[in-house]
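# Analysis of the macromolecular model
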Amino acid sequence: MTKKIILSFLIFFVCTSLLWAQNWQTMYEKGKNEIKNKNYKQAQTTLEPLARTSPIVGYQRHGAYLYALAAYHNKDFATARQILRTLLEQQPNWEERQEVLLLAATVAFEEKQTAQGFEYLKNITNTNLKEPIFKMKKNVFQNYPLERIETLYQSYPQDRAIAELLADKLVQNQNLPQAKRLLDEIKNKFSYTPEINTKVEANVPIETPITQIEKKSKYQVGVFLPFFASGERNFSTEKDYQFAVDLYAGMTIAKNILSNEGIELDLLPFDTERNEGKLKSFLNQSNAKNLDLLVGALYPNTLPLLSDFGRQHNIPVLNPISTNSDLSQSHSLYFLYEPSERTQAQQAAAFALDKLARKNAYIIYDENKKNEVMAAYYRDFILKNGGEVRLFHQTQASNKIYSNLQQALKDLAPRRTGAKNDLEELDPDAHIVVFTSEAATAGTFVSIVDASGKKIPTIITNNWFNFTQINADHFENLNFYVIYPDFIDSNRPEVKEFFNLYWEKNNTFPSDFSYIGFESVYYFGKMLGLYGKQMPQGIRQQDFMQGKVMLGHDYRHTTTDNKFVPILQWKKGEGLILSNDPNQIKD
């Protein structure tokens, strides 16, 4: 009887395994064909069950790779990165590991994690991949701004793809002081001479004097946000719309206050629901081209549609919440209300050099696209302005984060027991900057510096206030300086007035988005009132202007973003505003 049971079990196991194998094969072939037909979204859905199983052998392993490839083409880089890392960790001897490394490097470059990308490429030994690697780098890096490509060339001076791309961009910017030297260097080193593109770039600043201002009695402002007004709202979708509701609620109060100041706006809300089709239908309406300002549309699938529409019809576009300047660098009518990542990093670095007089930078950042970009811009500014970068350290989430960070900072913040004097400062010109979105990184850093007995000037970002492990005392006792673009001084009468108006109208407290919605429409509405149709030129010639509820605005010498970046130091529990003059830093 026992033998029969065992035999039956074995037969059942074999049959089940064969059935699953057939299912995996069918799933794999279907997903493979969908990728071949460039139906990447459906391919990702088809292949997900394969990718989420243990990618040990056969179709699971190949399916996981194809799933990451589909995710890459869908610009779902986070998913692609996760799957590829799992494959590399679990399949050290897989014969197709080289292709996995190439795709992992491509994803890293797309996420601006260039150091990680080159680390992957370093492990590729297959000479047949030399040409695909060259083409991949040229394809991805061509979307990088000139400054970043120049920095890459400094780090990888023998890389032909980077050198050719740099030459291609420099030949269109030959007015730059370094252009001739670098072009000659690349020509001699690589025998490469770029062709001159006679196309006029769209990012030339409009700073010609305004001779005539065309004003209107009322300005039409289209607000394109995902309100999700139709259909049932529930807790699971609340995050998809509540911020938009708060933004718009702040905008309506700005409209009323501007009216009291003699500037009339019509706010025209359009519910995009993050849907390209809905946005297109709004923009196809005959009166859309008569709008004076476009606000939104925030997401990668809808934002380019609104941006292109603004460029086509000569209408300024305002993004109230983004800090990414990639699009605005090629669109002279596209404005960020917020200081960009680049501006925040450069202003903070200038603050360290000018106000703190600390030229030696110890830069710590984590595996996050925004933080890596800010760290790179910070490093570049320090180096170009006579400072030194003593540490450029990327943290990784792991159970070794304390020991790794302790090792990185050992010469600057040794353990208290190892120092001759608790107040001894090993590098009197040092300052630290930490760009992190991880509470574990922030908490670990605080523990290490606190234990060292040092009070080293440290620049951080305002998201540290969201980390529960860190209390207000740390900001003051550890000599922290905070990059805080959206700081609200609750003691100002204008802030109290807004708070009361918002409460009366909405019967709830304003959120951060409420303040942003108010301030962005108030300032750009003010600019429409001053300059009318010439607002894009006027805003770039307008001197620094104090904000209504926030601290200020300065768009001089830029086609992109607000150059005023408040930097605060905490004294007796309150933020003391310390900032550089934005006029000192020009693009």
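Residues numbered from 1 in each chain as written. Predicted model: local features only at pLDDT ≥ 70, side-chain atom pairs only at ≥ 80, totals over all residues. Heavy atoms only, no water.

The final tally for this structure, using the stated rule, is 24 salt bridges. The shortest N-O distance in the salt bridge between E372 and R148 comes to 3.9 Å. In this pair, E372 is assigned in helix 15 (residues 369–384) and R148 in helix 8 (residues 146–155), connecting sequence segments 224 residues apart. The pair formed by E372 and R148 is uniform in burial state, with each residue classed as buried. Linked by salt bridges that have partners in common, K138, R160 and E164 make up one network. (Salt bridge = Lys/Arg side-chain N within 4 Å of Asp/Glu carboxyl O. Helix = DSSP H or I, 4+ residues; strand = E, 2+ residues; numbered from the N terminus. Buried < 20%, exposed > 50% of the residue type's maximum accessible area, 1.4 Å probe, protein only.)

Within a beta sheet, neighbouring strands are joined by backbone hydrogen bonds and run either parallel or antiparallel to one another. Taken together, five strands build an open sheet; the order of strands is 2-1-3-4-5 and the sheet is parallel. Strands with a single pairing partner mark the edges of an open sheet, and in this sheet they are strand 2 (265–271) and strand 5 (334–336). Geometrically, the sheet is characterised by an average inter-axis angle of 25 degrees between neighbouring strands, direction not taken into account. With three bridges joining them, strand 4 (residues 317–319) and strand 5 adopt parallel strand pairing. Note on strand 5: the bridge partner recorded for L318 is F335. Sitting on the sheet, helix 13 (residues 303–313) is in contact with strand 1 (219–225), strand 3 (293–296), strand 4 and strand 5, with an inclination near 170 degrees to strand 3. (Pairing = 2+ DSSP bridges. Axes fitted to C-alpha atoms, helices over the stretch in contact; angles between N-to-C directions. Contact = heavy atoms within 4.5 Å.)

Attention now goes to the pairing of strand 14 (residues 574–577). Pairing between strand 13 (residues 567–571) and strand 14: four bridges, direction antiparallel. Residue pairing for strand 14: Q569 is matched across the bridge by L576. In textbook terms, the turn of a hairpin is the stretch between consecutive antiparallel strands, and for strand 13 and strand 14 this stretch comprises two residues, one of which, K572, has a positive phi near 55 degrees.

Glancing now at the pairing of strand 10 (residues 480–483). Residues F480 and V482 line one face of strand 10 and the alternating positions Y481 and I483 line the opposite face, and both faces are buried. For the segment spanning strand 9 (residues 458–461), helix 18 (residues 472–477) and strand 10, crossover handedness is right-handed. Looking at chain direction, strand 10 and strand 13 are connected through three bridges and run antiparallel. What sits directly across from V482, in strand 13, is L568. (Right-handed = clockwise from strand over helix to strand, strands pointing away.)

This part takes up the nonpolar core. Core analysis: the biggest nonpolar cluster contains 58 residues, and F109, L121 and F141 have the highest contact counts within it. Counting residues in each nonpolar core, the second largest holds 44 residues, with L293, V495, F524 and V549 among its members. (Core = buried A, V, L, I, M, F, W, Y, C linked by side-chain atoms within 4.5 Å.)

What follows covers the sheet that holds strand 6 (residues 360–365). In space, the seven strands of this open sheet follow the order 7-6-8-9-10-13-14, with mixed pairing throughout. Because the sheet does not close on itself, it has two edges, and the strands there are strand 7 (388–394) and strand 14. Direction aside, the axes of adjacent strands within the sheet are offset by 25 degrees on average.

Time to look at the packing of aromatic side chains. This structure, assessed with the given rule, holds 33 aromatic pairs. Aromatic pair W464 and F467: ring centres 6.2 Å apart, planes at 50 degrees, arrangement tilted. F467 matches W464 in its accessibility class, with the two residues each being buried. Linked through ring pairs, F109, F118, F141, Y144 and Y156 together constitute an aromatic cluster. In this structure, R274 is placed above the aromatic ring of Y299, and the distance from its NZ or CZ to the ring centre is 3.9 Å. Against the face of F392 rests R379, its NZ or CZ located 4.5 Å from the ring centre. (Phe/Tyr/Trp six-rings, centres within 6.5 Å; stacked < 30°, edge-to-face > 60°. Lys NZ or Arg CZ within 6 Å of the ring centre and 35° of its normal.)

Mapped onto the elements of the fold, L146 is located in helix 8. Between the C-alpha atoms of L146 and K169, which are 23 residues apart in sequence, the distance is 6.5 Å. In this structure, L146 is in contact with L166, K169, L170, N173 and L176, ignoring residues within four places of it in sequence.

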